[in-house]
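This is what each chain is made of:
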Amino acid sequence: MRTHRAKIRERRDRTGPYRSLVLDAPALAEAARPGQFVMVRVSETTDPLLRRPFSLFRADGPAGTADILFRIMGRGTSMLDLLRAGDAIDVVGPLGRPFPSLPGQEIVLVGGGVGIPPLFFYAETLRRLEPARTVHVIMGGRTDGDLVVREEFERLGTLVQASTDDGSAGHAGVVTDLLQPFLGPARAILACGPAPMLRAVSEMAARSNTPCWVSVEERMACGLGVCMGCAVPVRSDHGPSYRLACTDGPVFEAREVLW
Amino acid sequence: MRTHRAKIRERRDRTGPYRSLVLDAPALAEAARPGQFVMVRVSETTDPLLRRPFSLFRADGPAGTADILFRIMGRGTSMLDLLRAGDAIDVVGPLGRPFPSLPGQEIVLVGGGVGIPPLFFYAETLRRLEPARTVHVIMGGRTDGDLVVREEFERLGTLVQASTDDGSAGHAGVVTDLLQPFLGPARAILACGPAPMLRAVSEMAARSNTPCWVSVEERMACGLGVCMGCAVPVRSDHGPSYRLACTDGPVFEAREVLW
Amino acid sequence: MPDPSKHTDPAGPAGLPGLAGPVGMNVDFAGVHLKNPVLVASGTFGYGSELSQEVDLNALGGVITKGISLRPRPGNPPPRIVETPSGMLNAIGLQNVGLEAFLNEKLPYLRRFDTRVIVNIFGESVDEYRAVASGLAGVAGVDALEVNVSCPNVKSGGIEFGTDVAQLKGLVSVLKGSTDKPLIVKLSPNVGRIADFARAAEDAGADGISLINTVIGMSIDPRTRRPRLANGTGGLSGPAIRPIAVRMVWEAARAVKIPVLGMGGILTADDALEFFLAGASAVAVGTATFVNPRAAPDLVEGLSRFVARENLPHISRLVGGVITGNA
Amino acid sequence: MPDPSKHTDPAGPAGLPGLAGPVGMNVDFAGVHLKNPVLVASGTFGYGSELSQEVDLNALGGVITKGISLRPRPGNPPPRIVETPSGMLNAIGLQNVGLEAFLNEKLPYLRRFDTRVIVNIFGESVDEYRAVASGLAGVAGVDALEVNVSCPNVKSGGIEFGTDVAQLKGLVSVLKGSTDKPLIVKLSPNVGRIADFARAAEDAGADGISLINTVIGMSIDPRTRRPRLANGTGGLSGPAIRPIAVRMVWEAARAVKIPVLGMGGILTADDALEFFLAGASAVAVGTATFVNPRAAPDLVEGLSRFVARENLPHISRLVGGVITGNA
Ligand SMILES: Cc1cc2nc3c(=O)[nH]c(=O)nc-3n(C[C@H](O)[C@H](O)[C@H](O)COP(=O)(O)OP(=O)(O)OC[C@H]3O[C@@H](n4cnc5c(N)ncnc54)[C@H](O)[C@@H]3O)c2cc1C
Ligand SMILES: Cc1cc2nc3c(=O)[nH]c(=O)nc-3n(C[C@H](O)[C@H](O)[C@H](O)COP(=O)(O)OP(=O)(O)OC[C@H]3O[C@@H](n4cnc5c(N)ncnc54)[C@H](O)[C@@H]3O)c2cc1C
Ligand SMILES: Cc1cc2nc3c(=O)[nH]c(=O)nc-3n(C[C@H](O)[C@H](O)[C@H](O)COP(=O)(O)O)c2cc1C
Ligand SMILES: Cc1cc2nc3c(=O)[nH]c(=O)nc-3n(C[C@H](O)[C@H](O)[C@H](O)COP(=O)(O)O)c2cc1C
Ligand code: FES
Ligand code: FES
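Now for a look at the structure at hand. On a predicted model such as this, the values are computed, not experimentally measured, just so you know. (Residues numbered from 1 in each chain as written. Chains lettered and ligands numbered in written order. Predicted model: local features only at pLDDT ≥ 70, side-chain atom pairs only at ≥ 80, totals over all residues. Heavy atoms only, no water.)

Glancing now at the sheet that holds strand β12 (residues 187–192) of chain B. All names here are of chain B. Strand order in the open sheet formed by seven strands is β11-β10-β9-β8-β12-β13-β16, and the pairing between neighbours is mixed. The outermost strands of the open sheet, each flanked by one partner alone, are β11 (171–172) and β16 (251–253). Where β12 meets strand β13 (residues 212–215), four bridges bridge the pair, whose relative direction is parallel. Across the sheet, residue Ala-191 finds its bridge partner in β13, namely Val-214. (Pairing = 2+ DSSP bridges. Helix = DSSP H or I, 4+ residues; strand = E, 2+ residues; numbered from the N terminus.)

Residues and elements named next belong to chain C. Tracing the chain through its elements places Lys-181 in the loop between α4 (165–176) and β9 (183–186). Among buried charged residues, Lys-181 stands out as having no salt bridge; its nearest opposite-charge side chain is Asp-180, 4.6 Å away. A distance of 2.9 Å separates a polar atom in the side chain of Lys-181 from the backbone oxygen of Val-142. Setting aside residues up to four positions removed in sequence, Lys-181 forms contacts with Leu-136, Gly-138, Val-139, Val-142, Ala-144, Leu-145 and Asp-207. (Buried < 20%, exposed > 50% of the residue type's maximum accessible area, 1.4 Å probe, protein only. Lys, Arg positive; Asp, Glu negative; His and termini not counted. Salt bridge = Lys/Arg side-chain N within 4 Å of Asp/Glu carboxyl O. Polar contact = N/O pair within 3.5 Å; in protein donor to acceptor, adjacent residues only side chain to side chain. Contact = heavy atoms within 4.5 Å.)

If the charged atoms of two oppositely charged side chains come close together, the side chains can form a pair. Residues and elements named next belong to chain D. Following the criterion strictly, the structure yields 69 salt bridges over all chains and no others. For the salt bridge of Asp-196 with Arg-199, the shortest nitrogen-to-oxygen distance reads 3.2 Å. One end of the pair, Asp-196, and the other, Arg-199, are both in helix α4 (residues 194–203), three residues apart, so they sit about a helical turn from each other. Exposure remark for Asp-196: the relative accessible area of 26% places this residue in the partly exposed category. Residue classification places Arg-199 among the partly exposed positions, given a relative accessible area of 36%. Linking Arg-247 and Glu-251 is a salt bridge whose minimum nitrogen-to-oxygen distance equals 3.2 Å. A residue pair is termed a helical-turn pair when its members lie 3 or 4 positions apart in one helix, as Arg-247 and Glu-251 do in helix α5 (residues 242–255) at four residues. In this structure Glu-251 comes out as partly exposed when scored by relative accessible area, which is 24%.

Turning next to the site of ligand 1. All names here are of chain A. The local shell around ligand 1 holds 18 residues, among which Arg-52, Pro-53, Gly-76, Thr-77 and Arg-219 are the closest. Between a nitrogen atom of ligand 1 and a main-chain N or O atom of Leu-69, the distance comes to 2.9 Å. Between an oxygen atom of ligand 1 and a main-chain N or O atom of Gly-76, the distance comes to 2.6 Å. Burial of ligand 1 by the surrounding chains reaches 80%, relative to a free accessible area of 840 Å². Looking at the shell around ligand 1, the elements with two or more residues in it are β4 (52–60), β5 (65–71) and α2 (75–80). The element best represented in the shell around ligand 1 is β4, accounting for four residues. In the shell around ligand 1, the residues fall into eight nonpolar, four polar and six charged. (Near = heavy atom within 4 Å. Areas by Shrake-Rupley, 256 points an atom, 1.4 Å probe, with all protein chains shown as cover. Nonpolar A, V, L, I, M, F, W, Y, C, P; charged D, E, K, R; others polar.)

Set out below in structure tokens:
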């Protein structure tokens with residue numbers, strides 16, 4: 001059973017329009033793997049009707065908590081923003097395939113905006129299991145407020161570089177400007193963020209033979225594999241076809257995806 | 001302009017499922033007359049879509065406040081119940097025709113459940129203008145929790161009698177059981193409550209030649225006279241026809257209404 | 001693709017006395033000069049006077065009146081309305097004051113404003129429609145007629161005029177001969193292929209079409225086992241039907257050269273923009289007025305802001321501008 | 001008035017081995033014995049295995065599969081879905097694994113449960129429909145076919161089978177001759193008079209009808225000026241369309257003697273009761289599953305509670321029981 005009525009244990013304002021919630025959901029916390037997501041019901045009425053997908057940002061099995069981190073984008077996330085500690089929400093998860101565990105390799109996490117939360121979950125999990133592993137983080141956004149949880153990454157001991165479109169923090173430019181030094185078959189890239197970013201990262205990875213996985217965003221109605229709404233164009237043995245972001249993904253090998 | 005963005009100054013739990021709100025709405029408070037109502041938007045989304053009608057329960061021009069008192073019935077009123085002091089709501093009013101002012105006569109107010117609030121507004125207003133006027137109140141409900149604002153009526157110095165279907169307070173029975181002693185041309189009845197009650201009161205008034213006005217409830221989409229949704233069957237010079245509860249009413253002369 | 005020339009005349013009406021609106025918002029619709037392309041839909045704004053405290057009629061492109069029949073009609077018994085998810089059903093039963101009272105008691109008020117008056121008409125037979133149209137012919141202050149064809153033809157077995165192509169054509173031809181006013185035919189959405197009906201109206205001489213009218217629906221109370229409307233069925237309106245309306249406007253606009261007045265669930269400027277892009281030259285606000293009495297003037301402002309923000313020379317540049325395919 | 005005898009057989013199926021459901025909930029629908037009248041609608045429950053963690057298929061009256069065509073179909077490019085007020089538009093493009101893979105990879109899973117399996121089929125020509133139906137003829141574990149007629153007939157100029165009475169009749173007659181399974185014809189709501197299509201299906205030999213399929217709609221993003229669905233238009237489903245669905249079920253049920261499977265916007269037991277009262281013998285849950293993965297089993301429970309609370313001997317007592325007029 002992946003349906004949970006979760007009490008909000010804590011709510012936090014993050015930088016800019018970002019918020020995070022700590023949810024009391026022991027079964028979810030136990031099962032969650034980095035890269036997986038949840039479908040959250042934002043209203044008990046029929047408008048908005050559909051659940052909204054959010055990556056798991058952390059999960060603490062022993063504590064029984066699972067966290068999400070979101071950016072206020074439209075109506076659904078604005079309604080989520082009204083919730084306070086003590087309120088309960090209806091969550092389905094964990095859903096989807098997680099990021100691969102990659103024994104031995106140096107990990108390069110590349111994230112933009114709302115793509116950062118699942119990478120943090122990955123980094124935190126890896127730190128717990130293998131404190132010595134080298135983890136690089138390259139994060140980007142429009143402006144400095146988008147460099148969400150930058151400090152948490154630094155506290156984890158990962159090596160963080162950042163870029164902003166407007167130059168308000170880090171390198172003035174895009175994440176791919178910073179990626180070059182981290183390419184190569186000995187490392188592995190895990191990326192999550194807007195499609196143009198993922199495409200650019202994938203291309204650089206392909207050219208340099210760097211193993212690369214991307215977590216894609218697609219509109220979802222069910223998140224459960226039953227509506228076939230979340231088609232992702234992929235290469236397959238029989239030519240181009242579609243796979244489902246929610247059950248075949250959201251994490252795909254980068255070379256599989258047709259941008 | 002009858003549209004107001006009103007801050008909730010105070011919210012009170014009343015008996016049983018009844019709640020009241022004090023709204024900061026100076027223009028509304030200034031214009032409001034007993035028997036008039038407001039259309040309240042209960043959600044900013046499209047579900048529920050339509051505003052809900054509520055009688056004005058009090059209005060204090062100098063203080064700039066107008067009050068409503070409601071019973072939690074369904075989805076709309078449940079959403080209203082979530083509001084707290086400091087929240088703002090969108091209100092249109094005052095709407096409709098008020099109860100008549102009846103110089104000299106002894107007033108008999110007959111109310112059931114959610115029909116009680118506008119009668120309280122009438123009594124309070126009359127007390128201010130003519131402290132000496134005799135005002136009888138006969139209120140009824142299913143159970144004692146429905147005898148909402150009974151104490152406030154007593155504090156005003158009105159003469160209150162009550163009935164409940166289950167006998168949990170006052171007379172065990174219906175308001176019309178108590179009405180007989182108050183009939184006659186020298187008094188005037190103002191009634192508000194469920195349709196069967198209003199019909200019974202109207203018939204007793206007609207038989208006894210007691211002047212009588214009723215405030216009717218009908219489903220409303222606009223409250224403004226533009227949708228023609230709130231038809232009330234009435235007697236007219238050209239036979240049966242319809243009038244609009246929202247602009248021709250909600251207060252009608254009892255003998256006009258076809259039950 | 002719709003012919004852009006049919007939809008508006010940017011240069012023209014701005015010069016007409018009393019019709020100057022915000023820059024780039026004036027529209028020539030079916031020969032009626034509108035200062036802006038925002039009207040209020042029939043049956044949702046009474047006879048225009050009810051909301052005088054909330055809405056300055058001078059701010060609107062036009063007012064479409066409650067449907068008028070030859071004689072007054074009492075309408076249906078209550079309940080007449082029921083809320084549904086993001087919409088409502090109504091079965092008002094076309095209650096109205098009748099032609100004579102409209103002319104004597106309602107029209108004079110509307111004439112006081114610098115806005116266009118479109119009278120929505122209906123009947124239960126071709127003769128009754130014709131009588132109403134003739135009664136409005138030549139009447140000063142009436143700028144156009146909107147023909148509600150979602151009305152059963154009592155004489156021919158009760159089939160709605162608007163759901164039978166042949167009946168629709170016949171009715172529109174007759175009306176075209178009975179009036180000097182521009183004729184806007186209001187299409188019913190309760191049909192298979194809306195384009196066929198749009199073309200039928202055009203072929204029969206309509207100067208414009210409007211759509212959509214309400215979609216027939218029903219709601220039943222499980223406790224009483226009765227329909228929630230006394231009439232049984234009713235017309236669905238509001239945001240719930242917007243996707244259906246946008247699709248039908250798109251299909252109809254591509255099928256005809258006459259201009260299209262779009263409506264169905266419009267609450268905000270973003271909603272209205274969908275209709276312009278789908279091919280509507282003007283839009284009407286219906287159910288939204290119940291939710292927000294100032295919905296129509298707010299929409300005028302919202303659209304003006306959009307036109308300004310996007311640096312459009314004129315709102316007509318949007319008409320039919322939806323990009324389909326991979327252009 | 002619908003013939004109550006057609007809708008169910010209260011005494012019969014309760015005695016069948018393995019089909020005993022809660023008292024008073026079993027239904028004989030078009031020759032298929034359902035332990036309760038709650039199914040999951042085609043395209044909203046995958047191939048039945050996806051929600052194994054949330055839904056015990058044994059609790060359902062039946063599962064209607066995603067539409068199956070002769071060969072696998074990739075479906076439409078994304079975006080394929082967009083939310084609308086109280087509803088959603090989809091343009092999945094009938095992506096499916098194709099008949100062969102369905103038989104080999106999907107059906108075996110479904111056969112493990114004590115529930116009925118109804119295979120939704122479609123094609124782009126009569127021949128293709130026939131091929132799918134023939135391929136399912138005699139297959140154990142397939143209890144009935146549901147024919148999705150909302151598919152354009154590529155050979156005859158792209159008109160949908162389901163929006164042309166003659167084409168619908170032709171298709172159903174052919175299919176009736178190609179299968180031993182009960183045939184349920186799923187009607188399109190994108191027509192004028194649904195009763196005509198219900199009768200056409202019955203006349204051509206259908207054992208039951210189901211309705212409604214999605215209503216064609218469109219949504220346009222004013223910023224990109226493109227349709228929000230890559231396909232342009234899509235099918236509207238969810239609570240927004242419920243009043244339309246209830247009305248159409250009511251109209252269709254009165255027109256035919258074969259049983260009616262009702263769907264369109266059902267979320268709760270109260271919603272489903274509207275369909276039974278309007279004349280449906282069974283109901284299907286569609287979009288609701290996306291909102292609440294347990295919507296279908298929750299509905300079974302809600303209906304059982306209603307039947308118990310109202311002291312009904314059997315849920316079939318509700319079928320067609322809406323009280324219209326002043327009885
Ligand atoms: C697998 C997955 C994981 C995600 N993880 C996170 C996360 O951890 N934190 C976070 O803040 N956001 C995340 N998102 C995006 C998030 O789902 C959307 O921002 C959210 O649904 C917007 O809802 P809304 O009602 O506020 O916006 P709407 O009013 O629905 O739309 C506002 C804007 O958001 C975009 N949008 C809406 N839905 C989606 C969607 N499903 N995918 C992509 N864009 C969308 C629209 O294009 C529009 O521009 C994720 C999406 C997916 C598919
Ligand atoms: C002029 C007028 C004045 C009113 N004054 C008050 C008041 O002062 N206090 C108060 O508590 N209520 C008052 N009501 C009734 C109030 O409007 C309804 O209780 C409210 O709209 C229910 O909304 P809901 O969404 O909670 O219920 P819904 O979920 O919409 O329905 C729940 C129940 O309420 C009934 N109901 C819904 N709308 C109406 C309506 N417009 N009229 C009558 N019954 C309805 C339904 O039949 C149903 O049984 C008044 C109604 C009118 C017309
Ligand atoms: C209460 C009500 C009454 C209506 N009366 C009429 C009418 O008299 N004539 C007519 O052509 N359309 C009438 N309509 C239809 C509207 O003009 C409009 O076409 C429809 O409601 C869709 O627009 P909306 O969703 O914005 O309301 C009425 C609609 C409502 C809700
Ligand atoms: C995402 C999606 C996919 C669908 N796929 C099919 C299909 O393959 N075949 C079919 O006959 N109906 C299909 N339908 C229609 C549903 O079975 C149902 O008729 C419709 O959605 C109305 O019910 P609802 O409002 O409860 O969803 C689909 C609906 C949705 C939302
Ligand atoms: S979101 Fe429904 S299948 Fe992926
Ligand atoms: S509620 Fe609309 S006219 Fe009265």
